[in-house]
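Summary of structural features
Spelled out, the chains give:
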Amino acid sequence: MHWLVNRSVERFVRDTYGRETWVEVARLLDPDIDAFDAMQGFDASVTHHLMAVVAKILERPARAIEEDIGTYLVTHPHNAPVRRLLRFGGDSFEDFLHSLEDLPDRAHLALPGLDLPRLEVIACRGSVFTLAVTPTGPDSVCFGSAFMGLLRAMADDYGALVTLEHKGQDGARELIEVELLAQDHGEARAFALGAGAGQ
Amino acid sequence: MSAIFDTLCPMHARLGAHGHIVHAGPTLQRIHPEGDLRGRRFLELFEMRRPVTGQSMEALRAAAGLPLRLRLRQPPGLALKGVLVALGPDSAVGPEGGALVNLSFAIALPDAVRAFDLTRADFAATDLAVEMLYLIEAKTMTMEALHKANLRLQGGKTEAEAKAFTDTLTGLGNRRLLDRVTSRMIAGERDFALMSLDLDFFKAVNDSLGHAAGDHVLRAAAQAMLEETRSDDTVLRFGGDEFMLILAGMTRRAEVDEFARRLIARLEVPIVYEGETCRISASIGAVLSRDSDAPDIDAMMAKADAALYAAKQSGRGRHVLYDPKTPPVMQAKATQRRADTSPAGPPP
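Residues numbered from 1 in each chain as written. Chains lettered and ligands numbered in written order. Predicted model: local features only at pLDDT ≥ 70, side-chain atom pairs only at ≥ 80, totals over all residues. Heavy atoms only, no water.

Per an unreviewed UniProt entry, chain B goes by Putative diguanylate cyclase YegE and derives from Roseovarius halotolerans.

The name given to chain A in an unreviewed UniProt entry is Heme NO binding protein, and the organism recorded there is Roseovarius halotolerans.

Following this line, the structure appears as structure tokens:
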């Protein structure tokens, strides 16, 4: 697992709960140095441990935190580039949903060390889609709940009205059911191809 | 016919036999928003940079199949790449003597997308333009994340380096800093005095009033030494009650005597800790770099320690300046005591 994943968890805790909360987390993670360096972790076990400690400090279930991280990645101003990269997936929420299958490969192009879970729309009945999130290896982090938060935030971004349901696990993979009630329910946030950062 | 080309290559233009645009693809039309491109001469809108050709249609047709480099004549003067097919007598595409040109933004893609507010629909579904934009943004994001990570690591490194040269109790430099400072001075042929200083009666304070009082006395002594020295002097703690001072530019024996006397008097000022009065003094052994033809820091330290030993032999609160004419007996024990190069730890 890439250090950027651990770094995102750190940023989430700091941006949402404040620096002091992160200091508490870091202290539990590495009492000797009082500071956990997200770059030290290339191993999925570091991410598992980090998530367990964050859940303990925040006194919330890990799944709920994962979901908040998914939302945070799309909505927080610090992550504007992430939201833009996701919007490259398509012009409508439905296009975006189907583009998720390409996401791990795209992410891998940008960051060769970043192995996202495999994403597949495995069923599509009318306006009901089932997304399967499958970890790449037995020790990888699946983050199925994070995709719940991410999908909900992206639906808002596209101005679509959706309901989401975590359908539990099927073997290693997690299933998320997405019902698309309306493509243009609300106003979509602006997205122009050429408005990217660093230019 | 036009509909097929508009879908497959929305940046194409068909030219008539005189070089006028007969039809322009929808995206090419978008980059000239001020008017219909039909009827305009191609070379009046686009400047041909490579290959160098004349302004005639004949010259343009001669560039068929070659990689073309063009520039949009109107602002922002974007560079474009293109390829041209010369149309023959029985072409289904256009008139004999005409041409079909397809253009691409190539490396200017991000500028073009911004300048003309292009969307996904302006590119053919097979065009890699959107993937290229995606990669550019992903690369920018990654570079920023790495840059920030790099800055954090750099900050950590600087902090670690500062720690490596610092005695944590007093904030003075440690043994490692001595080597760094003196090797620079020796290399720069700058003279200095080296003073080896032990606090007297410190052990008594530590034993009777405890470590906390001892630490307080060490900090107070360190502060006193910093106040008595100049900004280009260096005060170091070697651990326990042992200190070393590097006094830049000091070459006169009388100057060393006066300074040592003043420093000892200052350290003899009683230090109050939680209502208890702590009285210490100091013994000093000093050596001048000027007294050696080629100063060597290990040899100088041995001489300073021998002088310190001689000072202690004669009582407490004394100082001895090493005299090359009448050197004190070099004490193996004194030399060895200072040989420990480990960083300064807490007092014993």
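Continuing now.
Across its full length, chain A carries 8 helices and 4 strands. Classification of the 199 residues of chain A by burial places 50% in the buried group. Excluding contacts between residues fewer than 6 apart, the proportion of contacts in chain A whose partners are at least 24 apart in sequence is 63%. A total of about 9300 Å² of accessible surface is found on chain A, and carbon and sulfur atoms cover 51% of it. (Helix = DSSP H or I, 4+ residues; strand = E, 2+ residues; numbered from the N terminus. Buried < 20%, exposed > 50% of the residue type's maximum accessible area, 1.4 Å probe, protein only. Contact = heavy atoms within 4.5 Å. Areas by Shrake-Rupley, 256 points an atom, 1.4 Å probe, with all protein chains shown as cover.)

All names here are of chain A. Its 15 residues give helix α3 (residues 44-58) an end-to-end C-alpha distance of 21 Å, which sits within 8% of 21 Å, the value for a rise of 1.5 Å per residue. Among the residues of α3, Ala 44, Thr 47, Leu 50, Met 51, Val 53, Val 54, Ala 55 and Leu 58 are the ones counted as buried. Buried residues belonging to α3 abut α1 (3-17), α2 (19-29) and α4 (62-75). Phi for Glu 59, located one or two positions after α3, is positive at around 55°. (Expected span 1.5 Å × (residues − 1).)

Glancing now at the confidence of the model for chain B. Chain-level statistics for chain B give a pLDDT mean of 88 and a share of 94% at 70 or above. Reported confidences for the modelled complex are a pTM of 0.66 and an ipTM of 0.80. (pLDDT = per-residue confidence, 0-100.)

In this assembly, 27 residues from chain A lie in contact with 24 residues from chain B. Regarding the contact of chain A and chain B, the summed buried area is about 2200 Å², with carbon and sulfur atoms giving 65% of it. Viewed at the interface, chain B and chain A are joined by 3 salt bridges. Across the contact surface, chain A and chain B share 4 residue pairs in polar contact (both at pLDDT 80 or more). For the side of chain A that touches chain B, the elements supplying multiple residues, two or more each, are α1, α5 (80-87) and α7 (103-110) of chain A. In the side of chain A that touches chain B, the residues fall into 15 nonpolar, 6 polar and 6 charged. (Buried area = accessible area lost by both parts, 1.4 Å probe. Salt bridge = Lys/Arg side-chain N within 4 Å of Asp/Glu carboxyl O. Polar contact = N/O pair within 3.5 Å; in protein donor to acceptor, adjacent residues only side chain to side chain. Nonpolar A, V, L, I, M, F, W, Y, C, P; charged D, E, K, R; others polar.)

Let's shift gears to the nonpolar core. With 68 residues, the main nonpolar core has Phe93(A), Leu151(A) and Phe105(B) as its most contacted residues. Top element by residues in this core is helix α8 (residues 144-158) of chain A. It accounts for 8 residues. Leaving out residues up to four positions away in the same chain, Phe105(B) has contacts with Met11(B), Ile31(B), Leu78(B), Ala79(B), Leu80(B), Ala112(B), Leu118(B) and Phe123(B). Core analysis: the next-biggest nonpolar cluster, separate from the first, contains 35 residues, Val205(B), Val235(B), Met250(B) and Leu321(B) among them. (Core = buried A, V, L, I, M, F, W, Y, C linked by side-chain atoms within 4.5 Å.)

Here we come to the side chain of Arg237(B). With respect to the helices and strands, the residue Arg237(B) is situated in strand β8 (residues 234-239). Separated by 3.0 Å, the side chain of Arg237(B) and the backbone oxygen of Gly240(B) make a polar contact.

All names here are of chain A. The strand order across the open sheet built from 4 strands is β1-β2-β4-β3, with neighbouring strands paired in antiparallel fashion. The sheet is open, and its two edges are formed by β1 (118-125) and β3 (161-170), each paired on a single side. When the angles between neighbouring strand axes are averaged without regard to direction, this sheet yields 20°. One ladder, built from 8 bridges, connects β3 with strand β4 (residues 173-182); its direction is antiparallel. (Pairing = 2+ DSSP bridges. Axes fitted to C-alpha atoms, helices over the stretch in contact; angles between N-to-C directions.)

All right, on to the sheet that holds strand β7 (residues 192-200) of chain B then. Residues and elements named next belong to chain B. Taken together, 5 strands build an open sheet; the order of strands is β8-β9-β7-β12-β13 and the sheet is mixed. Since the sheet does not close on itself, it has two edges, and those belong to β8 and β13 (319-321), each with one partner. Across the sheet, the mean angle separating the axes of adjacent strands is 15° when strand polarity is ignored. The strands touched by helix α10 (residues 253-267) within the sheet are β7, β9 (242-248), β12 (281-288) and β13, with β12 carrying the most contacts at an inclination of about 160°.

What follows is about the pattern of salt bridges. Residue and element names in this part refer to chain B. For the coordinates displayed, the defined rule picks out 33 salt bridges over all chains. Note that Arg 316 and Asp 200 form a salt bridge whose closest N and O atoms lie 3.8 Å from each other. Of this pair, Arg 316 sits in the loop between α11 (297-313) and β13 while Asp 200 sits in strand β7, and the two are 116 residues apart along the sequence. Judged by relative accessible area, Arg 316 falls into the partly exposed class, the value being 46%. Residue classification places Asp 200 among the buried residues on the basis of a relative accessible area of 2%. Across the pair Asp 291 and Arg 253 runs a salt bridge whose closest N-O atoms are separated by 3.1 Å. One end of the pair, Asp 291, is in the loop between β12 and α11; the other, Arg 253, is in helix α10, with 38 residues separating them in the sequence. Judged by relative accessible area, which is 24%, Asp 291 ranks as partly exposed.

A few words on the pairing of β1(A). Residues and elements named next belong to chain A. In terms of strand pairing, β1 meets strand β2 (residues 128-134) through 7 bridges, oriented antiparallel. In the strand pairing of β2, Leu 119 is matched with Val 133. Count of turn residues in the β1/β2 antiparallel hairpin: 2 residues, of which Gly 126 carries a positive phi of about 60°.

Mapped onto the fold, Ser99(A) is located in helix α6 (residues 93-99). Placed 10 residues apart in sequence, Ser99(A) and Gly89(A) show a C-alpha to C-alpha distance of 5.2 Å.

What follows concerns the packing of α1(A) against helix α6 (residues 129-164) of chain B. Relative orientation of the contacting elements α1(A) and α6(B) amounts to 75°, with a least axis distance of 12 Å. What the angle tells us is that α1(A) and α6(B) run roughly perpendicular. Every residue of α6(B) that contacts α1(A) at Trp3(A), Leu4(A) and Arg7(A) is listed here: Ala145(B), Leu146(B), Ala149(B) and Arg152(B). Here the contact of α1(A) with α6(B) is composed, by residue class, of 5 nonpolar, no polar and 2 charged. (Parallel < 35°, antiparallel > 145°, perpendicular 65-115°, else oblique.)

Before going further, it helps to examine the environment of Arg49(B). Residue and element names in this part refer to chain B. Residue position: Arg 49 is located in strand β3 (residues 46-50). Arg 49 sits 21 residues away from Leu 70 along the chain, and the two C-alpha atoms are 5.3 Å apart. Contact partners of Arg 49, with chain neighbours within four places excluded, come to Arg 69, Leu 70 and Arg 71. Here Glu 47 takes part through its side chain, which lies 3.3 Å from a polar atom of the side chain of Arg 49.

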